[in-house]
Amino acid sequence: MPLALLALAVGAFGIGTTEFVMMGLLPDVADDLNISIPSAGHLVSAYALGVVIGAPLLAAVTAKMSRRTVLIGLMGLFVVGNALSALAPDNGWLLAARFLSGLPHGAFFGVGAVVATNMVAPERKARSVSLMFLGLTVANVAGVPVATLMGQHLGWRATFLGVSAIGLAAIAALAFLIPQDHEHTTAQGLRGELAALRSLPVWLSLGTTVAGFGALFAAYSYITPMLTDAAGYADASVTLLLALFGVGATAGNLLGGRLADHSLRGTLFGGLTSLVAVLALFPLLMRTELTAAVAVILLGMAAFATGSPLQLMVMEKASSAPSLASSANQAAFNLANAGGAWIGGLALAAGFGVTSPALTGVALAVLGLAVASLAFAVDRRRAPVAGRERIVASHVPQEAEAVRR
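Structure report, in brief.

Thresholds applied
- Every chain's residues receive numbers from 1 upward, in the order its sequence appears when written.
- With pLDDT at 70 or above as the cut-off, local features in this predicted model cover only qualifying residues; side-chain atom pairs require 80 or more to be listed or tallied, and sums for whole chains, interfaces and linings still use all residues.
- The side-chain figures draw on all heavy atoms in the structure; neither hydrogens nor water molecules are used.
- Note on definitions: the grid is 1 Å and covers protein atoms alone; a cavity is a set of points where a 1.4 Å probe fits but cannot get out; a pocket is an open set with protein on both sides within 12 Å along at least five of seven lines; lining residues have an atom within 4 Å of a point.
- Grid points are joined across faces, edges and corners, and a volume is the space filled by probe spheres set on the points.
- Comment: elements are numbered from the N terminus, with helices defined as DSSP H or I runs of at least four residues and strands as E runs of at least two.
- Three categories are distinguished: nonpolar for Ala, Val, Leu, Ile, Met, Phe, Trp, Tyr, Cys and Pro, charged for Asp, Glu, Lys and Arg, and polar for the others, with Gly belonging to the last.
- The salt bridge criterion pairs a side-chain nitrogen of Lys or Arg with a carboxyl oxygen of Asp or Glu, the two atoms within 4 Å.
- Between buried and exposed lies partly exposed: a residue is buried under 20% and exposed over 50% of the maximum accessible area for its type, with that area taken using a 1.4 Å probe on protein chains only.
- Only buried Ala, Val, Leu, Ile, Met, Phe, Trp, Tyr and Cys residues count toward a nonpolar core, and they belong to the same one when joined by side-chain atoms within 4.5 Å.
- When checking whether two residues touch, look at their non-hydrogen atoms; a contact exists if any pair is within 4.5 Å.
- Pairing of aromatic side chains here covers Phe, Tyr and the six-membered ring of Trp, requires ring centres within 6.5 Å, and sorts the geometry by plane angle: under 30 degrees stacked, over 60 edge-to-face, intermediate tilted.
- Under the convention used throughout, the expected extent of a helix is 1.5 Å for every residue step, that is, one less than its residue count.
- We call two N or O atoms a polar contact when they sit within 3.5 Å, provided that within protein one can donate a hydrogen and the other can accept it, with sequence-adjacent residues counted only if both atoms are side-chain atoms.
- Angles here are taken between N-to-C directions and fall from 0 to 180 degrees, while the axes themselves are lines fitted to C-alpha atoms, restricted in helices to the stretch in contact.
- Between 65 and 115 degrees an angle is taken as roughly perpendicular, under 35 as roughly parallel, over 145 as roughly antiparallel, and anywhere else as oblique.

### Some thoughts on empty space enclosed by the protein
- Using the criterion set out here, one finds three cavities of 30 Å³ or more in the structure.
- In this model, the largest cavity occupies a volume close to 140 Å³.
- Along the walls of the largest cavity sit F133, L136, T209, F213, N253, F304, G307, L310, Q311, N329, Q330 and F333, which together make up its complete lining.
- Listing elements by their share of the lining of the largest cavity, those giving two or more residues are α5 (125-154), α8 (200-220), α13 (307-317) and α14 (322-349).
- Class assignment for the residues of the lining of the largest cavity results in six nonpolar, six polar and no charged.
- When its volume is computed, the second largest cavity comes out at roughly 40 Å³.
- Broken down by element, the lining of the second largest cavity gets its largest block of residues, three residues, from α8.
- When the residues that make up the lining of the second largest cavity are grouped by side-chain class, the tally is six nonpolar, one polar and no charged.

### Brief notes about the pattern of salt bridges
- Summed over the entire model, instances satisfying the criterion amount to four salt bridges.
- Between K317 and D379 there is a salt bridge, and its shortest N-O distance comes to 2.7 Å. Here K317, found in helix α13, pairs with D379, found in helix α15 (residues 356-404); they are 62 residues apart in sequence, far enough to count as distant.
- Residue D379 is classed as buried on the basis of its relative accessible area of 17%.
- Through salt bridges that share partners, R265, K317 and D379 make up one connected network.

### Considerations on the nonpolar core
- Of all hydrophobic cores here, the largest spans 48 residues; its most connected members are L216, F282 and M286.
- A total of nine residues in this core trace back to one element, the largest contributor, which is helix α11 (residues 264-285).
- Dropping the residues within four chain positions of it, L216 is found in contact with F245, L299, A303 and F304.
- Grouped together as the second largest cluster of nonpolar side chains are 35 residues, A12, A113, M119 and A170 included.

### Topic: the packing of aromatic side chains
- Scanning all chains against the criterion turns up eight aromatic pairs.
- With a centroid separation of 5.6 Å and 45° between ring planes, the pair formed by F109 and F133 is classed as tilted. Residue F109 is found in helix α4 (residues 91-118), and its partner F133 is found in helix α5; the two are separated by 24 residues along the sequence. The burial state of F109 is the same as that of F133; both residues are buried.
- Here the aromatic cluster, defined as three or more aromatic residues joined through ring pairs, consists of F213, F217, Y220, F245, F304 and F333.

### Digging into the side chain of Q311
- For Q311, the position within the fold is in helix α13.
- Q311 gets classed as buried once you look at its relative accessible area, which sits at 1%.
- Once you skip the residues sitting within four places of it in the chain, Q311 turns out to touch F109, G110, A113, V129, F133, S326, N329 and Q330.

### Here we look at α11
- Here α11 spans 30 Å end to end across 22 residues, near enough to the 32 Å set by a 1.5 Å rise per residue.
- Taken residue by residue, α11 has L264, R265, T267, L268, G271, L272, L275, V276, V278, L279, F282 and L285 as its buried positions.
- Taking the backbone nitrogen of G266 as reference, a side-chain oxygen 3.1 Å away marks S263 as the first, capping residue of α11.

### Observations regarding unusual backbone geometry
- Here N34, not a glycine, exhibits a phi torsion of approximately 60°, which is positive.
- With respect to the secondary-structure elements, N34 resides in the loop between α1 (4-33) and α2 (37-61).
- The exposed category is assigned to N34, whose relative accessible area is 70%.

### Quick look at the layout of surface pockets
- There is about 970 Å³ of room inside the largest pocket.
- For the largest pocket, the lining is made up of 32 residues, of which F20, M23, G24, Y220 and L242 are closest to its centre.
- For the lining of the largest pocket, the elements supplying multiple residues, two or more each, are α1, α2, α5, α8, α9 (223-230), α10 (238-260) and α14.
- If one sorts the elements of the lining of the largest pocket by residue count, α2 sits on top with six residues.
- A per-class count over the lining of the largest pocket returns 18 nonpolar, 11 polar and three charged.

### Here's the deal with the packing of α5 against α10
- Where α5 meets α10, the axes come as close as 9 Å, and the angle between the chain directions of the two elements is 180°. One element, α5, and the other, α10, form an angle in the roughly antiparallel class. Contacts from A126, R127, S130, L131, F133, L134, T137, V138, N140 and V141 of α5 reach α10 at L242, A243, G246, V247, A249, T250, N253, L254, G257, R258 and A260.
- For the contact of α5 with α10, the class distribution of residues is 12 nonpolar, seven polar and two charged.

### Details of the side chain of S164
- Structurally, S164 can be placed in helix α6 (residues 156-177).
- Residue class for S164 comes out buried when judged on its relative accessible area of 6%.
- Excluding residues that lie within four positions of it along the chain, S164 makes contacts with V79, N82 and A83.

### Observations regarding the packing of α1 against α6
- Taken N-terminus to C-terminus, the directions of α1 and α6 make an angle of 170°; their axes are 9 Å apart at the nearest point. On the basis of their axis angle, the class for α1 and α6 is roughly antiparallel.
- For the contact of α1 with α6, the residue count by class is 19 nonpolar, five polar and three charged.

This is the structure in structure tokens:
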């Protein structure tokens, strides 16, 4: 694997840290800015909104630019957003800064995935994507806990300055390690990029992402009350358990990338099926501390085993605009975050029990399997047609030569 993947992983590490660290800093931010914790929670939503809007938009408008230049520019925007977050004088400015910080998130992963796959042999594409995503999963193991501790001892503003420093390190790594010649293969512009998304297989792939990762966030959004109220853990132990989730996610991400290079669709179906099984067992596993810890690890493994296959599948279905499609998949991931948390909250609010969000996750994972199966059926129906078109095309020159004779 090329060393340039390290530069993408460093950027992913910074992005993953700033995305998830706000959850642990909400009380400190609320106290410092004299706002309520629910109001401070809007800072999480502002970042997610920036991801959803920025992912397809920035990928489309930079379609004619060198991908190396785009990656460096996106990371520069990331640094500015986090630096402004550290300097924000009030909640309004911080909301705007968090929105700005989220804008480059999806486009960075989208364009970075295309760069990663272009630097390796075809049989290693999924593995290269998983190595870029490694920065995101490791952020949950090390970046977020360390950044949270920094915020608690040095103030939350110091956390965002630290994240900005990670962004600067990523810019340096991108500048030195990403080859100069990684440019877009087409110069079709915004209209051409958007036209590539008018494909049913692309939308089915994006739908699988929304449903599959919606299943994860339906449960993970409420993992703390499950661990404390159902499994009996003390509040102080939750941070360590969330790090275990990061360990599981890292292992699942690497395993999924390796398996997807052998069978992309098989890995996707296997990951979603495993996610159904893990979430269905959550009410039983949350009865003891030991089995609850195992459940947290398994949840991370099952969910993130599907990350690389989904990213690669979307890119393949929109081969004429892989950067835009790949970025749109990151927007779908954040829609899954918001939608899954909302659906899981409905079950909790209805009084179905503290582990009920996991069962809503089962329903969403099954929906993801159904959408993936539909995508498979569509591919099989289109394959014979494409094959016939190739056969006809190959015989046309021969027929024309016969007529000339």
